[in-house]
Number of protein chains: 2
Amino acid sequence: MGQSNPPFMTGVPELLVLRLLAEREMYGYELARRIRLVTDDVIRLGEGVIYPALHGLEAAGALKARRKTVNGRTRVYYRLTSKGRRRLERLLADWERVSTGVEAVLEEPAGA
Amino acid sequence: MGQSNPPFMTGVPELLVLRLLAEREMYGYELARRIRLVTDDVIRLGEGVIYPALHGLEAAGALKARRKTVNGRTRVYYRLTSKGRRRLERLLADWERVSTGVEAVLEEPAGA
DNA sequence: TTGTTATATATCGTGGTTCAAGGTATAATT
DNA sequence: AATTATACCTTGAACCACGATATATAACAA
């Protein structure tokens, strides 16, 4: 009974989160803001995407959380684990493969 | 009572189908084969994706179907309408925007 | 003081895409 | 005779991503 593979274009939010956390420790709200900023508002991941992704990644052992209070507000900082780094590599390769595939079709010059 | 927007990474199968049909008239089975071939087997769209996409596109007026019997087998050839061409332009622009956004995050060099 | 905006976390219900699997039928190959 | 390739199609479910909602503090305006 069918377990199906994830759709081939998914996992991008996860990829973005992991990639940013590879640079430095960040917290959820910051990640959302940063993605909006860097993509010029093209990609806007809401809290309903960011937080579940973060929690899932942490549960999978790809992230480690650290609580910190700044200005009376509690932030949860996440950093990559080695497992997370490996996962990032994999997702990076997936993205490259798939986007290259899409480009191949788009540039395809009517070959027989 | 939310109707939600489609996820930001979707619509790629539709894009690929429209792009190939912009070259020339093709039928469903052929499209599936062609996408597999051009992408080096990276993207494999099954019939469960191809045919519903084709039907939806036709219902939306983006494609025009034409029945043709070859070697005793019936094929349904699809060609782009002007509406389909416009839709292709839009999806093309969407893909460019989004993939550029993803790349921006991936190449992001730790800017503050 | 009251209201709104920004910061910061979290969950929930649901909607829509994509998926594998199944179903029909003819032609070609083994 | 059986399997593979061609060719169409539908269905049920999985899953991600979405908007909405909730809570709480700080900053700023009116």
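Residues numbered from 1 in each chain as written. Chains lettered and ligands numbered in written order. Predicted model: local features only at pLDDT ≥ 70, side-chain atom pairs only at ≥ 80, totals over all residues. Heavy atoms only, no water.

Engineer: Account for the overall build of chain A, naming residues and giving values.
Structural biologist: Counting its secondary structure elements, chain A contains four helices and three strands. Each helix and strand of chain A, placed in order from N terminus to C terminus, yields the pattern α-β-α-α-β-β-α. The globule rule puts the C-alpha radius of gyration for 112 residues at 13 Å, and the 17 Å found for chain A is more than 25% above it. For chain A, the C-alpha atoms occupy an extent of roughly 65 × 40 × 25 Å along the three principal directions. (Helix = DSSP H or I, 4+ residues; strand = E, 2+ residues; numbered from the N terminus. Rg over C-alpha atoms; globule rule 2.2 N^0.38 Å.)

Engineer: With reference to specific residues and values, describe the relation of the copies chain B and chain A.
Structural biologist: Mapping chain B onto chain A calls for a screw motion: a turn of 180° about the axis and a shift of 0.0 Å along it, with 0.1 Å RMSD after fitting. On this basis, the relationship between the two copies can be described by a two-fold rotation axis. Residue M9 of chain B of chain B places its C-alpha closer to the rotation axis than any other residue of that unit, at 3.2 Å. Both copies share a contact surface, since 100% of the interface residues of chain B are interface residues in chain A too. (Least-squares fit on C-alpha atoms with pLDDT ≥ 70 in both. Contact = heavy atoms within 4.5 Å.)

Engineer: Go over the interface of chain B and chain A, please, and point to the residues and values.
Structural biologist: Contact with chain B, which involves 33 residues of that partner, is made by 33 residues of chain A. Buried area between chain B and chain A, summed over both chains or domains, comes out near 2,800 Å², and the portion from carbon and sulfur atoms is 72%. Area buried by chain B at its contact with chain A is led by W95, V105 and L106 of chain B, which between them contribute 21% of it. Scanning the region where chain B abuts chain A turns up two salt bridges. In this structure, R34 of chain A and E108 of chain B form a salt bridge, with 2.4 Å as the shortest nitrogen-oxygen distance. Here chain B is connected to chain A by eight residue pairs in polar contact (both at pLDDT 80 or more). (Buried area = accessible area lost by both parts, 1.4 Å probe. Salt bridge = Lys/Arg side-chain N within 4 Å of Asp/Glu carboxyl O. Polar contact = N/O pair within 3.5 Å; in protein donor to acceptor, adjacent residues only side chain to side chain.)

Engineer: Which residues make up the packing of aromatic side chains, and what values go with them?
Structural biologist: Two aromatic rings, taken as a pair, are described by how far apart their centres are and by the angle between their planes. In the structure shown here, the tally under the stated rule is three aromatic pairs over all chains. Aromatic pair Y27 of chain A and Y77 of chain A: ring centres 5.2 Å apart, planes at 70°, arrangement edge-to-face. Separated by 50 residues along the polypeptide, Y27 of chain A in strand β1 (residues 26-27) and Y77 of chain A in strand β3 (residues 73-80) bring together distant segments of the chain. Each of the two residues, Y27 of chain A as well as Y77 of chain A, counts as buried. Consider the rings of W95 of chain A and W95 of chain B, whose centres lie 6.2 Å apart with planes at 25°: the pair is stacked. Remark: W95 of chain B occurs in helix α4 (residues 82-106) and W95 of chain A occurs in helix α4 (residues 82-106); the pair is interchain, linking two chains. In this structure, W95 of chain A and W95 of chain B share a single accessibility class: buried. Directly above the ring of Y77 of chain B sits R66 of chain B, whose terminal nitrogen or CZ lies 5.8 Å from the centroid. (Phe/Tyr/Trp six-rings, centres within 6.5 Å; stacked < 30°, edge-to-face > 60°. Buried < 20%, exposed > 50% of the residue type's maximum accessible area, 1.4 Å probe, protein only. Lys NZ or Arg CZ within 6 Å of the ring centre and 35° of its normal.)

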